[in-house]
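Structural features, examined
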Amino acid sequence: MTKRKSISFCFFLLFALTIIAQEIPIQHVLGEKYNDRYKYSNLLTIAKDGEGGSVLVRSYYQGIVLRPKGYFVERYDENLQLVSEYNYKLKNANFVDGYVRNGQVYLLFLDYNYTTQAYDYTIHRSPISEYHFTKETLLSIPSKEVRNPLDKNYYNRNFSSGFTTSVLFDQTKSGFVITTHFKKGKNNKHLIHVFNANLEKLMEHDFSAEVEEKNYAFENVAFSKNMDKAFVIGKSYFKKRRFNALERKFQYELVQVSREGGRTQTFDSPGKFSEGLIPLVSGNKILCVGFYADRKNNRYNGLAYFELLPGNLELVTKKYNPFSEQFMMDKFGRDDDKEIKNLVFKNATINPDGSILFNAEEYFMTSSVQANSSGGRVKIERFHHNDIVSAKLDAQGDVVWTRNINKSEVTQGDGAYASYSSYVHDGDTYFFLSTSSENPQLLSGERLLFKQGLSRNRNVFVIKLDAKGQISYEKLIDDKEARLPLMVSKPLIDQSDDALLFYAKRGSKKQLAKVSIEGR
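Residues numbered from 1 in each chain as written. Predicted model: local features only at pLDDT ≥ 70, side-chain atom pairs only at ≥ 80, totals over all residues. Heavy atoms only, no water.

1. Let's talk about the sheet that holds strand S27 (residues 421–425)
One open sheet holds the four strands; their spatial order is S27-S28-S31-S32, and the pairing between them is antiparallel. Strand pairing shows two members of the sheet lacking a second neighbour, S27 and strand S32 (471–477), which therefore form its edges. Within the sheet, the average angular offset between the axes of one strand and its neighbour, ignoring direction, is 25°. Pairing between S27 and strand S28 (residues 428–435): five bridges, direction antiparallel. Its bridge partner lying in S28, Tyr-423 is registered against Tyr-430. (Pairing = 2+ DSSP bridges. Helix = DSSP H or I, 4+ residues; strand = E, 2+ residues; numbered from the N terminus. Axes fitted to C-alpha atoms, helices over the stretch in contact; angles between N-to-C directions.)

Below, the structure is given as structure tokens:
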């Protein structure tokens with residue numbers, strides 16, 4: 001080994017030991033393991049029950065050919081003990097989302113009504129003290145039956161079916177927006193419906209004039225403090241039939257819906273094209289943060305920040321922050337293939353000093369055709385959950401730091417076990433992810449890579465980014481301690497207790513795990 005290589009290796013080893021040695025102030029508790037009657041299920045929602053405990057809702061599948069058979073509701077107390085279970089048998093229903101509010105569980109469905117030839121948004125709800133589900137219809141939209149009407153797709157959104165709809169909740173699930181776009185012949189109707197969590201319809205906006213030239217795929221929503229305004233953001237796709245290679249087919253737009261009507265604002269500047277924006281409400285300001293590209297392609301070049309006035313949506317501030325050298329080194333090391341794309345927002349937080357912490361994930365889908373056991377061919381879809389991008393902007397929208405956490409995961413099944421969750425506490429961001437590997441892989445350029453691994457048992461790691469963007473990590477839960485894999489991307493986040501609650505399940509066994517973040 002040459003002297004130069006020896007020095008580099010020692011520095012790299014010192015970096016690894018330093019980053020591992022940092023202690024992260026987190027504790028965890030594992031609940032009791034319970035038997036479960038449904039081997040095949042998906043976690044739909046987890047929420048506080050209002051009495052210190054939690055409520056979980058799962059869809060379950062049975063039969064030689066697995067088919068959805070109903071919904072299973074579990075309630076746990078504050079000590080992670082299972083106190084009740086309820087089987088809500090409901091076949092052939094298309095679940096959209098769910099939440100718990102004021103002692104009741106709400107399940108939202110979208111189904112086609114063959115009698116009325118319309119799509120119905122229905123709510124099934126029940127008190128959690130004594131289960132008895134009732135059903136009510138929120139919306140009914142006349143349409144012929146189409147394939148995949150609820151089509152929230154980050155890329156290549158399909159508008160040709162004649163009917164498309166989407167549902168967006170804000171981060172706290174205090175309300176939600178339903179958009180419906182129906183087109184048949186000269187009838188081209190796009191409506192935006194706004195509800196609060198108590199199912200009161202607050203507003204409805206006819207957006208039809210805007211869709212004469214563009215189709216809209218909305219992605220995120222935020223609400224004003226008193227719920228009198230909804231801020232919906234997404235891509236508007238131009239309907240021009242022919243595009244040359246240098247033309248951009250879409251732009252991001254913010255739509256404000258209130259009882260007085262609607263307003264729209266765009267963001268792109270010459271040579272600057274918005275990518276993946278999310279709206280935030282900060283006092284009397286409306287903020288949109290995300291990414292931008294400096295060319296008309298899918299590559300991201302930095303962070304974007306926009307400040308708007310509520311009411312007229314006038315753009316007050318517009319800032320573009322190129323990715324830093326530190327970030328590019330985090331992600332690529334010395335590799336020249338510096339292509340950043342496919343970033344999907346996970347969450348964003350406004351700190352008391354007005355600074356903003358947000359993170360996104362490199363997410364995309366691939367597919368292939370394989371032979372099955374009967375000699376036919378079947379299409380296999382794989383969902384990739386790769387690198388985490390985390391950033392901090394100050395109160396004026398200038399970048400403080402940007403970091404990349406290298407991660408590689410792919411799944412064909414339940415995505416709840418993949419990806420990650422995050423929580424902000426005292427200006428520090430904590431990321432929780434699951435891997436079969438005992439330690440992250442050490443890469444060149446002082447980088448770490450968290451790989452999925454091959455074992456059935458999973459370790460849970462916590463990664464900490466402090467207020468200055470310094471990174472540390474440690475193994476939080478060993479796979480020998482928790483024999484069941486945690487659904488790391490679907491936690492219950494309890495801000496009042498600075499804690500996260502994770503559901504762990506494999507086959508006929510289940511348990512809860514609670515992670516608590518201690519104060520400084």
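Still more to cover.
2. Re the pattern of salt bridges
Evaluated as defined, the whole model comprises 26 salt bridges. Residue Arg-75 is joined to Asp-49 by a salt bridge in which the shortest nitrogen-to-oxygen separation is 3.0 Å. Of this pair, Arg-75 sits in strand S5 (residues 67–76) while Asp-49 sits in the loop between strand S3 (40–48) and strand S4 (54–62), and the two are 26 residues apart along the sequence. As far as the burial class goes, Arg-75 and Asp-49 line up, both buried. Of the charged contacts, one joins Asp-330 and Arg-403 as a salt bridge, the two residues approaching to 2.5 Å between their closest N and O atoms. Taken as a pair, Asp-330 in helix H2 (residues 325–332) and Arg-403 in strand S26 (residues 399–411) lie far apart in primary sequence, 73 residues in all. For the residue pair Asp-330 and Arg-403, the accessibility class agrees, reading buried in each case. Where salt bridges share partners, they join Asp-36, Arg-37, Arg-58, Glu-74, Glu-85, Lys-505 and Lys-510 into one cluster. (Salt bridge = Lys/Arg side-chain N within 4 Å of Asp/Glu carboxyl O. Buried < 20%, exposed > 50% of the residue type's maximum accessible area, 1.4 Å probe, protein only.)

3. Some words on the environment of Val-281
Structurally, Val-281 is set in strand S19 (residues 273–282). In this structure, the C-alpha to C-alpha distance between Val-281 and Pro-310, residues 29 residues apart in sequence, is 9.4 Å. If we ignore the near neighbours within four places in the chain, the residues touching Val-281 are Ala-222, Phe-223, Ser-224, Phe-231, Ile-286 and Ile-350. (Contact = heavy atoms within 4.5 Å.)

4. As for unusual backbone geometry
Even without glycine at this site, Asn-102 takes up a positive phi of about 50°. Phi at Asn-148 is positive, roughly 50°, even though this residue is not glycine. Turning to its location among the elements, Asn-148 is positioned in the loop between strand S10 (134–142) and strand S11 (163–169).

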